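# Observations on the model geometry
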Protein chains: 2
Amino acid sequence: LTAETRRSFLNEEEIIKLIWKVLSPHKPKKRKTTGDPFSDDVSWFPNSRKKLFVVAKTDMLVSDTDSPRQMTPSQISSKAIVAVVSDFAAKAVRPSFFMVSIAIPRRKSTYDYVLSLAKGIDRACKKYRLKLLSGDTSGSKGGIVIDVSAFGFSDKIVKRNTAKAGEIIGVTGRFGLTSSGLLMLLRNIKSKDKLFQRRAKRSVLQPEAKLSQGLRIGSYLTSSIDSSDGLALSLYRIAEASNVDMNLDSLPMAQGVKAFAKQNGLSEEDLVLFGGEEYELVVTFREKYAKILKRFGVITIGRTSKVKTEKPGVYLRSKLIPRRGWLHNR
Amino acid sequence: LTAETRRSFLNEEEIIKLIWKVLSPHKPKKRKTTGDPFSDDVSWFPNSRKKLFVVAKTDMLVSDTDSPRQMTPSQISSKAIVAVVSDFAAKAVRPSFFMVSIAIPRRKSTYDYVLSLAKGIDRACKKYRLKLLSGDTSGSKGGIVIDVSAFGFSDKIVKRNTAKAGEIIGVTGRFGLTSSGLLMLLRNIKSKDKLFQRRAKRSVLQPEAKLSQGLRIGSYLTSSIDSSDGLALSLYRIAEASNVDMNLDSLPMAQGVKAFAKQNGLSEEDLVLFGGEEYELVVTFREKYAKILKRFGVITIGRTSKVKTEKPGVYLRSKLIPRRGWLHNR
């Protein structure tokens, strides 16, 4: 190593890579039953001979500049939990306990504000039957940071690196609401359809995790991921982890998105593909389960295939979809 | 509630209290086998009919102003893990896995710095046989923040609220090194005894957790806590949680502390009682185990008794010891 390399600044990805490299002897060993816990929505580890111990963690930063100001404290805290529950939903594991750390700026830490934060946590706890294990709080110089770690135990996990060519691709819902909602909330873009406007905003402010659906369909899936980074990126993540192409023959577009796009000169495809914070599940499964999964509300959007070029891709009717997520906000 | 109350600012303790109050339905139920997981060194929860799932978490902030500048990055990251392992040691539970989150200021995130951080984690992993479950990193505007959560599974836990009157009080080591070391590192106070100076500084820069000792003695203890907040406060915590008085007949003073205090016009008692970041265990046990615990290195310092005044107290030869921790630094 040159002296220059050693003094060079690392970005977050490089920092993690370097730490993992040093620590590799302490990584859990790869096992047929567990795979690599470092490249999925959750981490896991064999807890005993039968059960896996499963952890997911999110760090939600709500700053005054990046987040819809319309979000109430209870919506903020609920959403932080939804994000973690969604990771568990995608893995078909029920989260049992969670811990929460809240960093809160002094100027926000009023009784009313904290009460609202607590109510949001309470709502999510009730909804997803979670138990609070412990929590702490600290001051913050920036915005509010809510750090949620959830834990569960399971016999198995639906991974993202286990899709095979020739399988069906499905989603648990239609897309485009959150990207539309974010444009309404952050850029004040309007819809003539007031019902759509309400639904789109609600999808951002009060998202829901598809936990019960994930638990119900898990045993039929070959791979799964949640769509919190947008439909396109989520499809890419399965494609790359599993080394398959993802070929969509249709876009799962939510009702009203087409009209909203037209009214505002936006691309409907972009709204569907490059949204984010959409907590639907993106899954693959064998053809023989198509019927039963349809009954559970899974919408078929395409098929996996062997990789056609030098690297795995996501295609809509043979056209390569760009590998990107939500651009307007981040 | 008045409008004024509702707009009033809450401190961290009040924030937690309010959140717990709202969330009380989701707290784990009190059970004879588990007690209250919200008032001990660790949190726990019955994982199955037999095993408890145990979690401890620390948040170590290393700012340029509050921490000894002499601390290397590898010492910082090691110490963050030692702090959590020490919580497990006090509960006689082996930590199995951990997660680490590192917030690191851009100006510090060089290859060399991160490599040193990673080596410190690696050293602690090896020493305490921990497996890294997952980790993440983020930017920081202040100092370095290392957030470590560790997990373990156990049949039982040695709590802090289970001491009874008439038991013996013991410690796993002698005290006063870290308070002396901190005065040397932060205020440049010197010792004529160079060996003592090295040992005192090392106790701050390279602390060790008494894990193997804690695991070995756990089954003989009636209560236990680690002394990371100082000997006096740790004794008070057991006294208050268990509703007993703690009566010391001697102070477990480390070699060299008396001379160091004398040379610098300091109180030797203060150095022993009001230190901190000392990762010894403070324990109680029945008289019949005194002999075996002595063999395991436990030093007897006094006896518990019924509470003599209106509230539990800690006494040295009948004189009440003030309820406080490390003052010079915090």
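Residues numbered from 1 in each chain as written. Chains lettered and ligands numbered in written order. Predicted model: local features only at pLDDT ≥ 70, side-chain atom pairs only at ≥ 80, totals over all residues. Heavy atoms only, no water.

### Some details on the overall build of chain A
Threshold: For helices the rule is a DSSP run of H or I covering at least 4 residues; for strands it is a run of E covering at least 2, with both sets numbered from the N terminus onward. Radius of gyration: C-alpha atoms only; globule rule: 2.2 Å multiplied by the number of residues to the exponent 0.38. Burial classes: relative accessible area under 20% of the type maximum marks a residue as buried, over 50% as exposed, and values in between as partly exposed (1.4 Å probe, protein chains only). Here a residue-residue contact requires only that any non-hydrogen atoms of the pair lie within 4.5 Å. Here the Shrake-Rupley method, with its probe set to 1.4 Å, supplies the accessible areas, and only the displayed protein chains count as covering residues. Counting rule for charge: Lys and Arg are taken as positive, Asp and Glu as negative, and neither His nor the chain ends is counted. For this purpose, a charge sits on NZ of Lys, CZ of Arg, CG of Asp or CD of Glu.
Helix and strand counts for chain A stand at 11 helices and 12 strands. At 20 Å, chain A has a C-alpha radius of gyration in line with the 20 Å of a compact globule built from 330 residues. The C-alpha extent of chain A, read off along each of the three principal axes, is 55 × 55 × 50 Å. The burial tally for chain A puts 57% of its 330 residues in the buried class. The long-range share in chain A, meaning contacts at least 24 apart out of those at least 6 apart in sequence, stands at 83%. For chain A, the exposed surface amounts to about 15,200 Å²; the carbon and sulfur share of it is 50%. The distance from the centre of the 59 positive side-chain charges to the centre of the 32 negative ones in chain A is 5 Å.

### Here's the deal with the packing of aromatic side chains
How two aromatic rings sit relative to each other is given by the distance of their centres and the angle of their planes. We apply this condition: Only Phe, Tyr and Trp rings are paired, with Trp represented by its six-membered ring, and only when their centres lie within 6.5 Å; those with planes under 30 degrees apart are stacked, over 60 edge-to-face, the remainder tilted.
Using the criterion set out here, one finds 10 aromatic pairs over all chains in the structure. Relative to Phe153(B), the ring of Phe153(A) has its centre 6.0 Å away and its plane inclined at 70°; by these criteria the two rings are edge-to-face. One end of the pair, Phe153(A), is in strand 5 (residues 144-154); the other, Phe153(B), is in strand 5 (residues 144-154), on a second chain. Classification of Phe153(B) by relative accessible area gives buried; the value is 15%.

### Some details on the nonpolar core
Quick note on the threshold: As used here, the term nonpolar core means buried Ala, Val, Leu, Ile, Met, Phe, Trp, Tyr and Cys residues forming a set that is joined through side-chain atoms within 4.5 Å.
Counting residues in hydrophobic clusters, the biggest one holds 101 residues, and the most contacted among them are Phe98(B), Ile121(B) and Ile146(B). For Ile121(B), the residues in contact, after removing those within four places along its chain, are Ile19(A), Leu23(A), Ser77(B), Ile81(B), Phe98(B), Val100(B) and Ile102(B). Val82(A), Ala90(A), Leu117(A) and Leu132(A) belong to the second largest nonpolar core, which has 100 residues in total.

### Thoughts on the side chain of Ser180(A)
Structurally, Ser180(A) can be placed in helix 5 (residues 177-187). Setting aside residues up to four positions removed in sequence, Ser180(A) forms contacts with Phe196(A), Ala200(A), Val257(A), Phe260(A) and Leu271(A).

### A few points about the pattern of salt bridges
Residues and elements named next belong to chain A. Selection criterion: Throughout this description, the term salt bridge denotes a Lys or Arg side-chain nitrogen within 4 Å of a carboxyl oxygen of Asp or Glu.
Enumeration over the complete set of coordinates arrives at 20 salt bridges over all chains. Residue Asp270 is joined to Arg324 by a salt bridge in which the shortest nitrogen-to-oxygen separation is 3.8 Å. Of this pair, Asp270 sits in helix 10 (residues 268-273) while Arg324 is found in the segment after strand 12 (319-320), placing the two residues 54 residues apart along the sequence. Owing to a relative accessible area of 35%, Asp270 belongs among the partly exposed residues under this scheme.

### Observations concerning the interface of chain B and chain A
Rules: Residues were grouped as follows: Ala, Val, Leu, Ile, Met, Phe, Trp, Tyr, Cys and Pro as nonpolar; Asp, Glu, Lys and Arg as charged; and all remaining residues, including Gly, as polar.
Facing the 62 residues of chain B at the interface are 62 residues of chain A. Across the chain B-chain A interface, the total number found is 0 salt bridges. When residues of the side of chain B that touches chain A are traced back to their parent elements, those giving at least two are helix 1 (3-7), helix 2 (12-23), strand 1 (43-46), strand 2 (52-62), strand 3 (95-104), helix 4 (111-128), strand 4 (131-139) and strand 5 of chain B. The element that contributes the greatest number of residues to the side of chain B that touches chain A is helix 4 of chain B, accounting for 10 residues. Each residue belonging to the side of chain B that touches chain A can be placed in one class, and the counts come to 33 nonpolar, 14 polar and 15 charged.

### Observations concerning the sheet that holds strand 8 (residues 245-248) of chain B
All names here are of chain B. Formally: By this definition, two strands are paired if DSSP reports at least two bridges between them. To get an axis, a line is fitted to the C-alpha atoms, and for a helix only the part in contact is used. The angle between two axes follows their N-to-C directions and goes from 0 to 180 degrees.
Spatially, the 7 strands line up as an open sheet ordered 7-9-6-10-8-11-12, and their pairing is mixed. The sheet is open, and its two borders are formed by strand 7 (221-226) and strand 12 (319-320), each paired with just one other strand. As paired strands, strand 6 (residues 168-171) and strand 9 (residues 281-285) are joined by 4 bridges and run antiparallel to one another. Across the sheet, residue Val171 finds its bridge partner in strand 9, namely Val282. Contacting strand 7 and strand 9, helix 3 (residues 73-91) crosses the sheet at an angle of about 170° to strand 7. Across the sheet, helix 8 (residues 231-242) touches strand 6, strand 7, strand 8, strand 9, strand 11 (314-316) and strand 12, and the angle it forms with strand 7 is around 140°.

### Concerning the confidence of the model for chain A
Residues and elements named next belong to chain A. Stated precisely, the cut-off is as follows: A residue's pLDDT is simply how confident the predictor is in it, with values from 0 to 100.
Looking at chain A as a whole, the pLDDT averages 87, with 91% of positions reaching at least 70. Segment residues 30-37 is flagged for pLDDT under 50; beyond a separation of four residues in sequence, or across chains, it makes 17 contacts in the model. Interface predicted TM-score (ipTM) for the complex: 0.72; the corresponding pTM is 0.80.

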